[in-house]
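Descriptive analysis of the structure
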Amino acid sequence: MKKITLALSLVLFTIAGAFAQIEKPVTWSYVAKKVSKTEAVLYLKATIEDRWHIYSQNVKDGGPVKTTFTFSPSKDFSLVGKMVEPKAITKYEDTFKMNVSYFEKSVIFQQKIKLNKAATTVKGKVEFMVCNDRQCLPPEEIEFSIPVK
């Protein structure tokens with residue numbers, strides 16, 4: 001009986017340890033602000049844990065996975081221009097053997113839209129990769145839904 005209890009305990013601790021290893025150092029939040037009857041600005045904010053960073057939309061090929069936004073097509077709105085991001089930190093990263101641009105702590109991306117309807121919901125997804133000085137996590141894709149009222 002003691003051997004079975006010991007074996008079960010080891011299995012449970014192993015499983016609990018495996019789940020504890022799953023890291024999610026980035027959380028996303030979204031809001032829309034109307035700037036006129038026919039225009040709004042979408043704000044997509046990444047909050048990044050200490051010692052981690054996500055990459056700019058403007059990373060050259062051969063480097064890390066850049067942050068990419070994809071919007072689901074809709075007759076309710078149209079995109080105006082490109083997604084805007086603040087000035088990124090640019091440094092040489094040995095891992096990629098190139099200069100890369102990234103953000104730490106938090107970053108707010110902005111997308112202007114033209115409204116064809118007074119109220120709508122903007123849907124899409126963001127793909128990004130997060131790294132620290134020791135490791136990079138696999139690229140992640142998060143779906144979003146932003147009400148515009």
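A few points on the structure.

The rules behind each value
- Residues numbered from 1 in each chain as written.
- Predicted model: local features only at pLDDT ≥ 70, side-chain atom pairs only at ≥ 80, totals over all residues.
- Heavy atoms only, no water.
- Pairing = 2+ DSSP bridges.
- Helix = DSSP H or I, 4+ residues; strand = E, 2+ residues; numbered from the N terminus.
- Phe/Tyr/Trp six-rings, centres within 6.5 Å; stacked < 30°, edge-to-face > 60°.
- Buried < 20%, exposed > 50% of the residue type's maximum accessible area, 1.4 Å probe, protein only.
- 1 Å grid on protein atoms, 1.4 Å probe; cavity = no way out; pocket = protein on both sides within 12 Å on 5 of 7 lines; lining within 4 Å.
- Points joined across faces, edges and corners; volume = space filled by probe spheres on them.

1. Examining the sheet that holds strand β10 (residues 130-131)
Taken in spatial order, the four strands line up as β6-β7-β3-β10 in an open sheet, and their pairing is antiparallel. Edge positions in the sheet fall to β6 (89-93) and β10, since each of these pairs with one other strand and no more. Of the pairings in the sheet, the one linking strand β3 (residues 53-55) to β10 comprises two bridges and is antiparallel in character. Residue pairing for β10: I54 is matched across the bridge by V130.

2. What about the packing of aromatic side chains?
Per the counting criterion, the structure on display carries nine aromatic pairs. Arranged with centres 6.1 Å apart and planes meeting at 85°, the rings of W28 and F69 form a pair that is edge-to-face. Highlighted residues: W28 in strand β1 (residues 26-34) and F69 in strand β4 (residues 68-71), separated in sequence by 41 residues. Of the two residues examined, W28 and F69, each falls in the buried class.

3. Focus on the layout of surface pockets
In this structure, the largest pocket occupies an estimated 310 Å³ of space. Lining the largest pocket are 20 residues; nearest its centre among them are H53, E93, C131, N132 and D133. Size it by volume and the second largest pocket reaches roughly 160 Å³. Along its surface, the second largest pocket is lined by Q57, N58, F69, F71, L79, G81, K82, M83, E85 and Q111. When residues of the lining of the second largest pocket are traced back to their parent elements, those giving at least two are β4 and β5 (77-84). Looking at the lining of the second largest pocket, the element that brings in the most residues is β5, giving four residues.

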